[in-house]
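# Structure at a glance
Each chain is listed here by its residues.
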Amino acid sequence: MDRRALWAVVIAAWAATLLLPPPSAQADVVGKLSGKVVNEKKEPLPGVNVRIEAARKGVVSDDQGRFVIVGVPAGEYLVKANAMGYAAFVAEKVMIRPDFTTELTIAMRIEAVEMPEVRVEAERPLLQKDATGTTRFMNGEDIQKLPTRGYRDAAAQQTGVVNFQRQIDNESQNSNTLIIRGGRPNETAYFVDGFSQQDPLTGTSSTSISNNAIEEVVLLTGGFSPEYGRIMSGAVNVVTREGGDKYSGSLEAVTDNLSGGWVGAPKTDYNVYDGSIGGPIIPGNDRLSFYASGERRWQRDRFQSFIPDATKAEYRSLGLNDNFAPQNSSAGYTYQGKISYSITDKTTLKLGSLGSEDKWQEYAHSYLFNLPHTPRYLDRNQSYTATLNQALNDKTYYNVGISFFDTKRKRGDGVYFEDLYAYYTATGGTDSTPSNNPRFDQDVPVFVTPGRVVPGYLQRRSSYYGVQGAFTSQINSHHQLKFGGDLQRHTLRFFQHYAANELGGQVPNAKDFNAYGYDLTFDTVPYTYFDASGDSFVTVPVVRGVHINESDGGRDGAKHPKNFSLFAQDKFEREGVVVNGGIRYDYLTTDTDALIDPLQPLGGRADPTNSTLDANDLTTNKTYQRFSPRVGIAFPVDDRTILRFNYGKFFQQPNLQDLYTSYRFLEYKVKSGGYFVGFGNPNLRPERTTAYETGVQRLFGDHVRFDLTAYYKDVKDLVEIVNVPSTPKSFNTYRNRDFATIKGLDFGVTMRPINHVSGSLNYSLSYAQGTGSVSNSQGNIAWTAKEPPKQTAPLDFDQRHKLSMNADWRLDKGEGPKWNGAHWFENFGVNVLFNVASGTPYTPTAPYNELTLANVSTVPIGPVNSRYGPWSTSLDLKVDRGFHLWNVDLSAYAWVLNAFDAHNAATVFTSTGSPETTGFLDTSEGQGAAADAASKGKDYEGLYNVAQNNPSFYTNPRLVRFGIRTQF
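Everything numeric here is computed off the predicted structure, so don't read it as measured data.

What follows concerns the overall build of the protein chain. Regarding its fold elements, the protein chain presents nine helices and 48 strands. The principal-axis extent of the C-alpha atoms belonging to the protein chain is close to 115 × 70 × 60 Å. For the protein chain, the residues scored as buried account for 56% of the 968 residues in total. When contacts within the protein chain are restricted to residue pairs at least 6 apart in sequence, long-range pairs at least 24 apart make up 72% of them. If you sum the accessible surface of the protein chain, you get close to 40100 Å²; carbon and sulfur atoms cover 54% of it. Between the mean site of the 97 positive side-chain charges and the mean site of the 104 negative ones, the protein chain shows a separation of 3 Å.

The amide bond that connects Thr-727 to the next residue, Pro-728, takes the cis arrangement and shows omega of 10°. With respect to the secondary-structure elements, Pro-728 resides in the loop between β36 (704-724) and β37 (731-754). Despite not being glycine, Arg-230 shows a phi value in the positive range, around 60°. The residue Glu-575 is not glycine, and still its phi comes out positive at about 50°. With respect to the element layout, Glu-575 can be found in the loop between β28 (562-574) and β29 (577-589).

Take the pattern of salt bridges next. For the structure on display, the rule yields 52 salt bridges. Among the salt bridges present, the one from Asp-269 reaches Arg-300, with a minimum N-O distance of 3.0 Å. Pair noted here: Asp-269 is in the loop between β16 (248-255) and β17 (270-280) and Arg-300 is in the loop between β18 (288-299) and α4 (309-317), with a separation of 31 residues, a long-range link. Taking relative accessible area as the criterion, Asp-269 reaches 15% and is therefore assigned buried. Where Arg-685 meets Asp-717, a salt bridge forms, and the shortest distance between an N and an O atom there is 2.8 Å. Separated by 32 residues along the polypeptide, Arg-685 in the loop between β34 (678-679) and β35 (687-700) and Asp-717 in strand β36 bring together distant segments of the chain. When its relative accessible area of 31% is taken as the criterion, Arg-685 is described as partly exposed. Using a relative accessible area of 12% as the deciding quantity, one classes Asp-717 as buried. Each of Arg-149, Glu-252, Asp-274, Glu-295, Arg-297 and Asp-358 takes part in one network of salt bridges that share partners.

A word on the sheet that holds strand β1 (residues 30-38). The strand order across the open sheet built from three strands is β4-β1-β7, with neighbouring strands paired in mixed fashion. Both outer strands of the open sheet, β4 (66-73) and β7 (101-107), are each paired with one neighbouring strand and no more. Shown here is a sheet whose adjacent strand axes are inclined to one another by a mean of 25°, direction ignored. Judged from the seven bridges that link them, β1 and β7 form a sheet pairing that is parallel. Opposite Ser-34, over in β7, you have Glu-103 as the bridge partner.

So, on to helix α6 (residues 663-672). Along α6, the positions that sit buried rather than exposed are Tyr-663, Phe-665, Leu-666, Glu-667, Lys-669 and Val-670. In the core, the buried residues of α6 are packed alongside β25 (513-516), β30 (593-595), β31 (618-620), β34 and β37. Positive phi appears at Gly-673, one or two residues downstream of α6, with a value of about 70°.

Take the pairing of strand β33 (residues 641-652) next. Examined bridge by bridge, strand β32 (residues 623-638) and β33 share eight bridges and lie antiparallel to one another. Residue Phe-635 lies in a different strand from β33, and its bridge partner there is Leu-643. Counting the residues that bridge the hairpin from β32 to β33 gives two residues.

Two aromatic rings, taken as a pair, are described by how far apart their centres are and by the angle between their planes. What the rule picks out here adds up to 35 aromatic pairs. Here Phe-306 and Tyr-954 contribute two aromatic rings whose centre-to-centre distance is 5.0 Å and whose plane-to-plane angle is 75°, an arrangement assigned as edge-to-face. With a gap of 648 residues between them, Phe-306 in the loop between β18 and α4 and Tyr-954 in the loop between α9 (940-948) and β48 (959-967) connect regions that are remote in the sequence. The residues Phe-306 and Tyr-954 share a single accessibility class, namely buried. Ring plane angle 50° and centroid distance 5.8 Å describe the contact between Phe-405 and Tyr-464, whose orientation is recorded as tilted. Here Tyr-464 lies in strand β23 (residues 457-474) and Phe-405 lies in strand β22 (residues 396-412), a separation of 59 residues in the sequence. Of the two residues examined, Phe-405 and Tyr-464, each falls in the buried class.

A word on the side chain of Glu-187. With respect to the helices and strands, Glu-187 occurs in the loop between β11 (177-180) and β12 (188-192). The side chain of Glu-187 is buried and forms no salt bridge, while Lys-713, the nearest opposite charge, is found at 4.6 Å. The contact partners of Glu-187, leaving out residues within four places of it in the chain, are Ile-231, Met-232, Ser-233, Gly-234, Gln-652 and Leu-718.

Reading guide: rules and limits
- Residues numbered from 1 in each chain as written.
- Predicted model: local features only at pLDDT ≥ 70, side-chain atom pairs only at ≥ 80, totals over all residues.
- Heavy atoms only, no water.
- Helix = DSSP H or I, 4+ residues; strand = E, 2+ residues; numbered from the N terminus.
- Buried < 20%, exposed > 50% of the residue type's maximum accessible area, 1.4 Å probe, protein only.
- Contact = heavy atoms within 4.5 Å.
- Areas by Shrake-Rupley, 256 points an atom, 1.4 Å probe, with all protein chains shown as cover.
- Lys, Arg positive; Asp, Glu negative; His and termini not counted.
- Charge placed at Lys NZ, Arg CZ, Asp CG, Glu CD.
- Salt bridge = Lys/Arg side-chain N within 4 Å of Asp/Glu carboxyl O.
- Pairing = 2+ DSSP bridges.
- Axes fitted to C-alpha atoms, helices over the stretch in contact; angles between N-to-C directions.
- Phe/Tyr/Trp six-rings, centres within 6.5 Å; stacked < 30°, edge-to-face > 60°.

Distances and angles like these do not, on their own, reveal function.
Encoded structure:
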């Protein structure tokens, strides 16, 4: 390598660290190409050179004309075949899918004089014959056509996936929650280019990826192989684009600011700007390439929802825009990049990075008269990865990857956010700002007092370093052996103060916070005053500043759990039969101390109120080792029908925020008692699932595929919060007590383009029952120190029926009716997406004031989650038209969501099953409260109607967005 090329590599690597996406647990991003070379008589041809040019991989066909090329990075390729006496063969658009085999038949023709090369366009197979589990593939082009944005929305259309749109755990999210086959939210893993994007503290992922950077999305909803570990329900594996030997890129802008009354949809100030570029770093050098993308987004209303008329009127009376919910904005960006360097034809080094940030506020209807103080969030993610892939020979390769991932969240008051001392100085510990709405009355228990600062503040950060590797060998034409492992070391920090508005003054509240990995420190100044007698001066320290600092030492320092795994698997393929079998080993340790006796956390001393929680009360935590056998079988009934069966055991460490706690805070609460807090338990066992599934896939003709899958999951050792009757005061912690049973049926039909029309139909029937939907489901029961009932009930996300239909009609260049010498509808397309879904369950209760801010006491009138909310329907569409101007391809489109403006409920009041009313005003208590307020000249009933018409109870109304996209 000359000096200029060396410097180019160094500069490119440095740029990658500034430019790129996040990492973690293991998912493959390479696949295999296999097939057969035949002549015009369909006879096998040995000795033919088959090569994937861009991947720099090639082999020679054997005596039977067969060939296998392993370790091919996922993506779309051009495949060439050459042999003496035969015309060159070129197959275009050959799609290699991560983890799977792509089959290609190469038909060679005897070469005539000056005969041109034979070029064919490969069709993506409708039957993925080596998929022994349920797998869905979505490439970037298909995602671009859909009337959705982002990989989550595309994945939500598939069978077995529930697009859950309300908060289910302790923290809100800035994106929808995907529930796969009835599993808890943390049971779905998110990977980008083979590295995990999950926060181990919460099990969620806030990483976003721009549409233009997506090469393919692989959705695994069951039967995944042993290389996928520490997940129990499913995985979303996103493969990002790479640069080629030519420069290419795209620009895209989307907005709804052209909407308004003329299209019958509100203007909500939705804006997305997206750009990407890729190609050789050094012109003419195809060994060193790059790809980078970026997205900037701004939404004045991040989750647009239908707004009832009563609420619109109240918005107008406050001088607000009635098209969208106020103080519900989101601003963020995403950056992504990848550098690929082919050191030799057999060795490739890839550097990658991915990052995103979102600053957003959460509209809370109870804050309608206190809008500036609505909760505010910051989510930030970044990761850096390096992968080395080397082929030892034509059939054997290995890859090694290292990664660093960091994710952070802050949540606080909408005005003061992370300035903790400002909480106190703004309130002095009281609510002081007068009402800004003359209709508001503090006697109405449905709205937060104007000027009230959000009392709590949350900050957490998770990061890890990881090493992973795998060795793969195609031992013979029938067996592909793969083994590998990974190691991760995490650094976890958590801080939550429950009374941040008490952090100033002479006696700051340095007790009511739960923290590890962070210290709370104070800046003080001397304050002098006369004592009570007025005879002398007294000087005391007064707080003038509050800081959160990272802390790594001591019992409440940063936590460092470690995960280690090994796996081995064999893919057997012979005469159409595929057997994927293997085993996984996981070693998990929280690496922290645990209580010796939870019933006597302070050691059972005679006077526990004066005791401390010290080293004698703690012991080393338990470590866990688990083996996970898995096997999947697929075999052909005929050349158009495949049957498959899959069995597997899956283990997952619970959310780490359920394992860790501050022992200083535990000591304080065990002595004082008080409000509800869940304390982590380091000895929690891994949660476990035993899953079975069977399915059939059938081709009808060459363009239609039918598939049917039945599955059953037995889930045990799920985490549940419980009350521990300890001395001197009880506390709440977590135990492996919950369990679930999930079963269902997934049905799908996929159609390739026939007369310009393609489409799909996906239907899911699911029964998800258990004793708790998340670890905090029994929070109220634990708070009141009651014993939770051990009976199964539908889980909160038990959506029995879901139907998704997609149809795409598209004309290419020169197609369509011709008039006046022009094809007016060439490069024109329409994509329609229709969704129908049954409601999710709730526990019916007697009518009561559900809008009381402190209400936690209800009177059930039926079993837990025994009733279901209303069904929802929506029709979305995207109409686009392509143009070619100034040697640039342009595409303009209109994107319509909920075209029929259906008023779909996201949640309901439990006393009525309706999103419109609680029924409280029809009770004697409600009528009495209204009459008493009216006698004092107060409009209790009017304000209550505003309060119960909550936009957050609905999904989006009709929305129209416009976009333009260019490629070069």
